[in-house]
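Spelled out from the first residue to the last, the chains are:
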Protein chains: 2
Amino acid sequence: MKKVTINSVASHAGVSKKTVSRVLNNEPNVSAATREKVLAVFKELDYTPNPIARGLAQNRSFIIGCLYDNPSKSYITRVQTGALEACKENNYNLLIHPCEFRGEALINNIEQLLQTSRLDGIVLTPPFGDFAELASFLKSKKIPYARVASALLQDDSISVRSNDEQGAFEITEHLINLGHKSIAFIKGHPDHSATQQRFKGYRRSLASHGIEFDERLVEEGNFSYHSGVDSARSILDLSPRPTAVFASNDYMAAAVLKLATQRQLKVPDDISIAGFDNAPIARHIWPGLTTIAQPVEEMTKQAVTQLILHIAQPQEQPYQVTLESRLITRESTSAIK
Amino acid sequence: MKKVTINSVASHAGVSKKTVSRVLNNEPNVSAATREKVLAVFKELDYTPNPIARGLAQNRSFIIGCLYDNPSKSYITRVQTGALEACKENNYNLLIHPCEFRGEALINNIEQLLQTSRLDGIVLTPPFGDFAELASFLKSKKIPYARVASALLQDDSISVRSNDEQGAFEITEHLINLGHKSIAFIKGHPDHSATQQRFKGYRRSLASHGIEFDERLVEEGNFSYHSGVDSARSILDLSPRPTAVFASNDYMAAAVLKLATQRQLKVPDDISIAGFDNAPIARHIWPGLTTIAQPVEEMTKQAVTQLILHIAQPQEQPYQVTLESRLITRESTSAIK
DNA sequence: TAAATTCCTGACACCGGTGTCATAATGTCA
DNA sequence: TGACATTATGACACCGGTGTCAGGAATTTA
């Protein structure tokens, strides 16, 4: 069985390969009759163009790269899901590239990646979207990129985010409305812009109720379960113990819940716990975690869709969108007794 | 800044592009002096070969595809981690392709995938590794593949697995040794070969202790958390209630734990719970789950490494390896009172 | 030292598409 | 019906590498 190439189609249809190429790409200036004839041969020979050859001629790979360095695996899974949907709809493929955010090596690493795979575009997931050097490096290499869940920037890029500050505000409001006044807070990874945003939302809510901010209630986490355990230990050792804990993501909240339960505390009767993200674990544990649902898949899908559009036809105007998040109340929070 | 290609290197070094190509690929028959000269120009011009052009010439893409359809996201994450390690070491890239296992469309879907991305090889993760039609289809297309965590087959393929039957046997032994005689079992997804294996291990252990197998203690799950909830409901409603539950993976075990806790049962005092896989959730909840640790990352890494070796130099002999799993005891199981 | 062998090297075609441009075919208008 | 514009088509170079093969240089052998 011989391979079917554009040449076999051309000779079969009695036209030049360029004409076949025109039909393939829906270019104008092909007569209806010729087009039909070629399309018929496509079917007859079961022809599909070779993407590598096409890539060479157009210097494209039809591959989008997804950059990540995130302690939360479930977050990555959700990012991938969204990116894959967008890719599928546009006949792109997704290359995944985990990569250390820290260190001098980052730019080299990315350069290496670009050299070995000729990506058409890159999705920057947290915390990469907030790293200005990387953005300007990509710009200098003329590699289009899109940022997901990063801070708002006044630039020309594609960026889809959700309102972390507002989400954190709302969940803190929820706790305050339940009567809590002593609410501990666990910060996320310092490299992530969401970390500052969520902290700001927490403080804004406190302030709006005239609750004095207490630094001793704040712990530094990094979004990993493990960091949640450490923070939980400090918080539960406080005296007086706070009546509620708001962790910057669900993993850390789950860690607080585990430690509290281990220490015979009843959640939410003895202490309320809230998380952020609505990760699967939030509903896989008992009590289920009150949290903020972020449309991670949708954000990524939109970002990648725009990125692919931009690749096909570079736009000058930016695409900056902020999607809504929403409060989900479960059993881990209740009114203070 | 002009693009650096093999031609610029050639003219810079005063040799033909073929000679440059020889240096690039470490081919013999290049004099030491020439080689040095070319290597110097590589550095001087900061040259890196274009993988797309190379791919076209050699009909290779340097991409491995990873096929999956698995309700357990954390399992997929672990598979990806292992596959990525192997790819990184060999300068390959990883394309991820989730895909419905069921339905006529599967083969078409894969055909489509191959046409649009020219994969050099495919990793088949459960349950794809057990689907004979797919294997023979890939064979007919001459696409090398490797199977991860699939049943043992007497064929010439690359396959890395762990001993599910033995793992299930050991964890059941553990429960029996703690004094349990009424041990409920939740099966996995019927398409996965691991499902039968784990069930067999469970029954072998019962039999070896002369405990009569009771069909009423067996529930049909599908590895998803949700199916675990359904199964848990049936099991906890049994009268008399079993003193232990062995779920075929940790997600389903976590569901049992949640439901049991919701119903005010103390784990492990009132009921012991064991899982399988050592997924992250097993240690993120309280009490932590007793489970079987499977080297998922290592299995996948070995499989992909072999696959890449096979692509570079097709081997005739099969590579079939079974890795060890091990029992991890946590707080969710204890001696019967 | 001549002949035979091995080692280097480059010219050229090729992988399977796309871009450019010249030219043939067709259509429009006066 | 001729002049001109428009549309359709193909020849050919090109993308950036690799494979084949011929021929010259270097080395070994007789």
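Coordinates for the structure precede this section.
Residues numbered from 1 in each chain as written. Chains lettered and ligands numbered in written order. Predicted model: local features only at pLDDT ≥ 70, side-chain atom pairs only at ≥ 80, totals over all residues.

1. Concerning the overall build of chain A
Right, so step 1: Scanning chain A from N- to C-terminus turns up 13 helices and 12 strands.
Right, so step 2: The C-alpha atoms of chain A give a radius of gyration of 25 Å, which is well past the 20 Å a tight globule of 337 residues would have.
Right, so step 3: When the backbone C-alpha atoms are referred to their principal axes, chain A occupies close to 85 × 35 × 35 Å.
Right, so step 4: Per-residue burial for chain A yields a buried fraction of 46% across its 337 residues.
Right, so step 5: Sequence-distant contacts in chain A: of pairs separated by 6 or more residues, those separated by 24 or more amount to 72%. (Helix = DSSP H or I, 4+ residues; strand = E, 2+ residues; numbered from the N terminus. Rg over C-alpha atoms; globule rule 2.2 N^0.38 Å. Buried ≥ 20, exposed ≤ 12 C-beta atoms within 10 Å, placed from the backbone. Contact = placed C-beta atoms within 7 Å.)

2. Some thoughts on helix H2 (residues 17-24) of chain A
In an α-helix there are 3.6 residues to a turn, and that puts residues three or four apart on one side.
Residues and elements named next belong to chain A.
Right, so step 1: For H2, every residue scored as buried is listed here: Thr-19, Val-20 and Val-23. Relative to the axis of H2, the buried residues are bounded by an arc of 100° and lie together on one face.
Right, so step 2: In this fold, the buried residues of H2 make contact with helix H1 (6-13) and helix H3 (32-45).
Right, so step 3: Just downstream of H2 lies Asn-26, where phi reads positive at about 55°. (Arc of directions from axis to C-beta.)

3. Things to note about the pairing of strand S6 (residues 183-186) of chain A
Residues and elements named next belong to chain A.
Right, so step 1: Here S6 shows no split at all, with Ile-183 and Phe-185 on one side and Ala-184 and Ile-186 on the other all buried.
Right, so step 2: For S6 and strand S8 (residues 244-247), the ladder comprises four bridges, and the chain directions are parallel. Paired with Ile-186 across the bridge in S8 is Ala-247.
Right, so step 3: The pairing of S6 with strand S7 (residues 218-219) spans two bridges and is classified as parallel. (Pairing = 2+ DSSP bridges.)

4. Overview of the relation of the copies chain B and chain A
Right, so step 1: The two copies are related by a screw motion: chain B maps onto chain A through a turn of 180° and a shift of 0.1 Å along the axis, at an RMSD of 0.1 Å. The superposition of one copy onto the other is thereby described by a two-fold rotation axis. Across chain B, the rotation axis passes nearest the C-alpha of B:Leu95, at a separation of 2.6 Å.
Right, so step 2: The fraction of interface residues of chain B whose copies in chain A are also interface residues reaches 100%, indicating that both copies meet through the same surface. (Least-squares fit on C-alpha atoms with pLDDT ≥ 70 in both.)

5. Thoughts on the packing of helix H5 (residues 73-89) of chain A against helix H13 (residues 296-312) of chain A
How two helices pack is summed up by the angle between their axes together with the distance between the axes.
Residue and element names in this part refer to chain A.
Right, so step 1: Orientation of H5 relative to H13, taken along the N-to-C sense of each, is 40°, at an axis distance of 7 Å. Comparing the axis directions of H5 and H13 gives the class oblique. Between H5 and H13 the crossing geometry is right-handed. Contact residues: H5 offers Tyr-75, Arg-78, Val-79, Thr-81, Gly-82, Ala-83, Glu-85, Ala-86 and Cys-87, while H13 offers Val-296, Glu-297, Glu-298, Met-299, Thr-300, Lys-301, Val-304, Thr-305 and Ile-308.
Right, so step 2: Grouping the constituent residues of the contact of H5 with H13 by class yields nine nonpolar, four polar and five charged. (Axes fitted to C-alpha atoms, helices over the stretch in contact; angles between N-to-C directions. Parallel < 35°, antiparallel > 145°, perpendicular 65-115°, else oblique. Left-handed = near helix turned anticlockwise from the far one by under 90°. Nonpolar A, V, L, I, M, F, W, Y, C, P; charged D, E, K, R; others polar.)

6. Quick notes on the protein's contact with DNA strand C
Right, so step 1: Around DNA strand C there are 26 residues in total, and A:Ile6, A:Ser21, A:Ala53, A:Ala57 and B:Ser16 lie nearest to it.
Right, so step 2: For the surface near DNA strand C, the elements supplying multiple residues, two or more each, are H2 and helix H4 (51-58) of chain A together with helix H2 (17-24) and helix H4 (51-58) of chain B.
Right, so step 3: If you tally residues by element for the surface near DNA strand C, the top one is H4(A), at five residues.
Right, so step 4: Class assignment of the residues belonging to the surface near DNA strand C gives a composition of 11 nonpolar, 10 polar and five charged. (Near = placed C-beta within 6 Å.)

7. Concerning the sheet that holds strand S8 (residues 244-247) of chain B
Right, so step 1: Ordered by their spatial adjacency, four strands build an open sheet running S7-S6-S8-S9 (chain B), and the pairing between neighbours is parallel. Two strands lie at the open edges of the sheet, namely strand S7 (218-219) and strand S9 (272-274) of chain B, each paired on one side alone.

8. Some thoughts on the protein's contact with DNA strand D
Right, so step 1: Not every one of the 26 residues close to DNA strand D is listed here, only the nearest: A:Ser16, B:Ile6, B:Ser21, B:Ala53 and B:Ala57.
Right, so step 2: Contributing elements (two or more residues each) for the surface near DNA strand D: H2 and H4 of chain A together with H2 and H4 of chain B.
Right, so step 3: Among the elements that take part in the surface near DNA strand D, H4(B) stands out by supplying five residues, more than any other.
Right, so step 4: Taken together, the residues of the surface near DNA strand D break down into 11 nonpolar, 10 polar and five charged.

9. Quick word on unusual backbone geometry
Residues and elements named next belong to chain B.
Right, so step 1: Note that the residue after Ser-239, namely Pro-240, is joined by a cis bond; omega there is 0°.
Right, so step 2: Backbone torsion omega between Val-267 and Pro-268 reads 10°, so that peptide bond is classified as cis.
Right, so step 3: You can see Pro-268 is positioned in the loop between helix H11 (250-262) and S9.
Right, so step 4: Its identity is not glycine, yet Asn-29 carries a phi of approximately 65°, on the positive side.
Right, so step 5: Within the secondary structure, Asn-29 is located in the loop between H2 and helix H3 (32-45).
Right, so step 6: Classification of Asn-29 as exposed rests on a count of 6 C-beta atoms within 10 Å.

10. A short note on the interface of chain B and chain A
Right, so step 1: Opposite the 33 residues of chain B that make contact, chain A presents 33 residues.
Right, so step 2: Contributions of two or more residues to the side of chain B that touches chain A are made by H4, helix H5 (73-89), strand S2 (93-98), helix H6 (105-117), H11 and helix H12 (281-284) of chain B.
Right, so step 3: The biggest single contributor to the side of chain B that touches chain A is H5(B), with six residues.
Right, so step 4: Among the residues forming the side of chain B that touches chain A, the class breakdown is 15 nonpolar, 15 polar and three charged.

11. With respect to the nonpolar core
Right, so step 1: Ranked by size, the top nonpolar core spans 78 residues in total, and within it A:Val245, A:Phe246, A:Val256, B:Val245, B:Phe246 and B:Val256 carry the most contacts.
Right, so step 2: Ignoring anything within four residues of it in the chain, the contact list for A:Val256 reads A:Gly228, A:Ala232, A:Val245, A:Ala247 and A:Ile273.
Right, so step 3: Membership of the second largest hydrophobic core comes to 76 residues, among which are A:Ile64, A:Leu134, A:Val296 and B:Ala194. (Core = buried A, V, L, I, M, F, W, Y, C linked by C-beta atoms within 7 Å.)

12. Description of the sheet that holds S7(A)
Right, so step 1: Spatial ordering of the open sheet is given by S7-S6-S8-S9 (chain A), a layout of four strands whose pairing is parallel. The sheet is open, and its two edges are formed by S7 and strand S9 (272-274) of chain A, each paired on a single side.

13. A short note on the pairing of strand S1 (residues 63-68) of chain A
All names here are of chain A.
Right, so step 1: Counting buried positions over the six residues of S1 gives six, a clear majority of the element.
Right, so step 2: Because side chains alternate across S1, one face comprises the buried residues Ile-63, Gly-65 and Leu-67, and the other comprises Ile-64, Cys-66 and Tyr-68, equally buried.
Right, so step 3: Where S1 and strand S2 (residues 93-98) come together, six bridges link them in parallel fashion. Pairing of Tyr-68 across the sheet is with Pro-98, part of S2.
Right, so step 4: For the segment spanning S1, H5 and S2, crossover handedness is right-handed. (Right-handed = clockwise from strand over helix to strand, strands pointing away.)

14. Quick word on the environment of A:Glu165
Right, so step 1: Tracing the backbone shows A:Glu165 in helix H8 (residues 164-177).
Right, so step 2: Not counting residues within four places of it along the chain, the set of residues in contact with A:Glu165 comprises A:Gln197, A:Lys200 and A:Gly201.

15. Structural notes on the environment of B:Leu265
Residue and element names in this part refer to chain B.
Right, so step 1: Position of Leu-265 among the secondary structure elements: in the loop between H11 and S9.
Right, so step 2: With 17 C-beta atoms packed within 10 Å, Leu-265 lands in the partly exposed category.
Right, so step 3: Along the backbone, Leu-265 and Leu-236 are 29 residues apart, and their C-alpha atoms lie at a distance of 9.8 Å.

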